[in-house]
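Notes for the structure review
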Amino acid sequence: MARKKKTLIYSAAGLLIIGCIGLWSAYLVMFAPNVQKDGFLYIPTGSGFQNVQDSLKTQDFLKNRTTFNFWQRAKSYQNYVKPGRYELRKGMTNRQLVNILRSGRQTPVKLTFNNIRTLNQLASRVSTQIEADSASLMNAFFNPEFLEKHQLSEREIKAIFIPNTYEIWWTTNALQFVERMQKEHEKFWNDERQTKAKNKNLTPIEVSILASIVEEESRKNDEKPIVASVYLNRLRTGMLLQADPTVKYGLGDFELRRILNVHLQHDSPYNTYIYKGLPPGPICFPSIVSLDAVLNAANTEYLFFCARADFSGYHAFAKTYAEHLRNAKTYHEELNRRQIK
């Protein structure tokens, strides 16, 4: 009887130990912190579970890959791999991690672009922030169906990309990115801005073209409305715009510091020393400040301006050509004195 009782006690103790081990194992698998650092896990489109495993291992996210694999099998995650950019936080459990990955709860990217001139530069900048590569982005920029749908020419397409910070999914493909930018463009051009453009006899695309010239002419936000007024006055009176940045753009040489007569003779549809009116498309991606500077241009009689001789970045404005020549002479004398070519 005593032996039987002892056997029961040992059996109960054994079961208790096994139960404790089981509970401990369950705790380790489900509730114990297993992510050992903060970071982002990127799962490209078309990835399988092996790709996820490899990324977790390469980035050394997990303390214990065995418990993770056990739990993901229990939740059949290998059958529900979803692409995306996922934020992992130190202290996450396998349960939390698998729930995020299995449900596809990715973290959006704050995509930013500014201070760029060409579509190639835009594609390069954007491709470092979303999954789409630069080649697919370039193809999307010139997608015939998109251009026809939104009545845009290839030279006008830059106008829809307004430099800013946008919250966007990392998995956004190239065409989705372009469509998103078109929607942001439409959102920007609210009734108030459209009315202001109409009052200046400009379309939104034309505002963008003129704003791109203003953007290149001045880095001083407080004088951009004055610069814009000069070009609006020239357009209204039928003068050539004679904007040096359009010459640089036509030449493809943005580093030119001094525009010479030989540059002014270069035949390009962007050369506003030769062709009257606005160029056929923006020469850069104008900022919101520059766009609004055109829409809210100062009320002036200025027709001319040139850089100040103090190299402050500001400009000397003039109503008459004679006054402008005096300003320009002072500036060019300073260029020569500093031996700037």
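Cut-off values and rules
Residues numbered from 1 in each chain as written. Predicted model: local features only at pLDDT ≥ 70, side-chain atom pairs only at ≥ 80, totals over all residues. Heavy atoms only, no water. Helix = DSSP H or I, 4+ residues; strand = E, 2+ residues; numbered from the N terminus. Rg over C-alpha atoms; globule rule 2.2 N^0.38 Å. Buried < 20%, exposed > 50% of the residue type's maximum accessible area, 1.4 Å probe, protein only. Contact = heavy atoms within 4.5 Å. Areas by Shrake-Rupley, 256 points an atom, 1.4 Å probe, with all protein chains shown as cover. Lys, Arg positive; Asp, Glu negative; His and termini not counted. Charge placed at Lys NZ, Arg CZ, Asp CG, Glu CD. Polar contact = N/O pair within 3.5 Å; in protein donor to acceptor, adjacent residues only side chain to side chain. pLDDT = per-residue confidence, 0-100. 1 Å grid on protein atoms, 1.4 Å probe; cavity = no way out; pocket = protein on both sides within 12 Å on 5 of 7 lines; lining within 4 Å. Points joined across faces, edges and corners; volume = space filled by probe spheres on them. Nonpolar A, V, L, I, M, F, W, Y, C, P; charged D, E, K, R; others polar. Axes fitted to C-alpha atoms, helices over the stretch in contact; angles between N-to-C directions. Parallel < 35°, antiparallel > 145°, perpendicular 65-115°, else oblique.

Let's shift gears to the overall build of the protein chain. Per the secondary structure count, the protein chain includes 15 helices and six strands. The C-alpha atoms of the protein chain give a radius of gyration of 31 Å, which is well past the 20 Å a tight globule of 341 residues would have. By its C-alpha atoms, the protein chain is 125 × 45 × 35 Å across when sized along the principal axes. Of all 341 residues assigned to the protein chain, the portion counted as buried reaches 42%. Considering only intrachain contacts with a sequence separation of at least 6, the fraction spanning at least 24 residues in the protein chain is 65%. Entry remark: accessible area of the protein chain is about 18900 Å², with carbon and sulfur atoms responsible for 51%. Put simply, the protein chain has 46 plus and 32 minus side-chain charges, and the middle of one group is 14 Å from the middle of the other.

Relative to the helices and strands, Ser290 resides in helix H14 (residues 288-295). Excluding anything up to four places from it in sequence, Ser290 contacts Ala211, Glu215 and Lys224. Polar contacts involving the side chain of Ser290 include one to the side chain of Glu215, which spans 2.4 Å. In this structure the side chain of Ser290 is engaged in a polar contact, spanning 3.0 Å, whose partner is the side chain of Lys224.

A word on the confidence of the model for the protein chain. Residue-level pLDDT values for the protein chain average 91, and 91% of them are 70 or greater. Segment residues 12-28 is flagged for pLDDT under 50; beyond a separation of four residues in sequence, or across chains, it makes five contacts in the model.

According to the stated counting rule, one finds one cavity of 30 Å³ or more in the structure shown. Residue lining of the largest cavity: Ala159, Phe161, Ile162, His185, Trp189, Ser208, Pro286 and Leu291, and that is the complete set. Classifying every residue of the lining of the largest cavity gives six nonpolar, two polar and no charged.

Quick look at the environment of Phe70 now. Checked against the element boundaries, Phe70 lands in helix H3 (residues 65-74). Owing to a relative accessible area of 49%, Phe70 belongs among the partly exposed residues under this scheme. Between the alpha carbons of Phe70 and Asn94 there is a distance of 9.3 Å; along the sequence they are 24 residues apart.

Attention now moves to the packing of helix H10 (residues 204-217) against helix H12 (residues 244-251). Where H10 meets H12, the axes come as close as 9 Å, and the angle between the chain directions of the two elements is 100°. If you check the angle between H10 and H12, you find them roughly perpendicular. Across the interface between the two elements, Ile213, Glu216 and Glu217 from H10 touch Asp244, Pro245 and Thr246 from H12. Here the contact of H10 with H12 is built from residues that sort into two nonpolar, one polar and three charged.

Counted as a void, the largest pocket has a volume near 1300 Å³. Considering the residues around the largest pocket, the lining is formed by 39 residues, among which Glu217, Asp244, Arg257, Ala307 and Tyr331 are closest to the centre. Those elements that provide at least two residues to the lining of the largest pocket are H10, helix H11 (224-237), H12, helix H13 (261-264), strand E5 (304-307) and helix H15 (321-337). A per-element tally of the lining of the largest pocket places H15 first, with seven residues. In terms of residue class, the lining of the largest pocket is made up of 21 nonpolar, seven polar and eleven charged. Computed from the structure, the second largest pocket encloses a volume of approximately 220 Å³. Counting residues per element, the lining of the second largest pocket draws most heavily on H11, at five residues. Looking at the lining of the second largest pocket residue by residue, the classes come out as five nonpolar, six polar and two charged.

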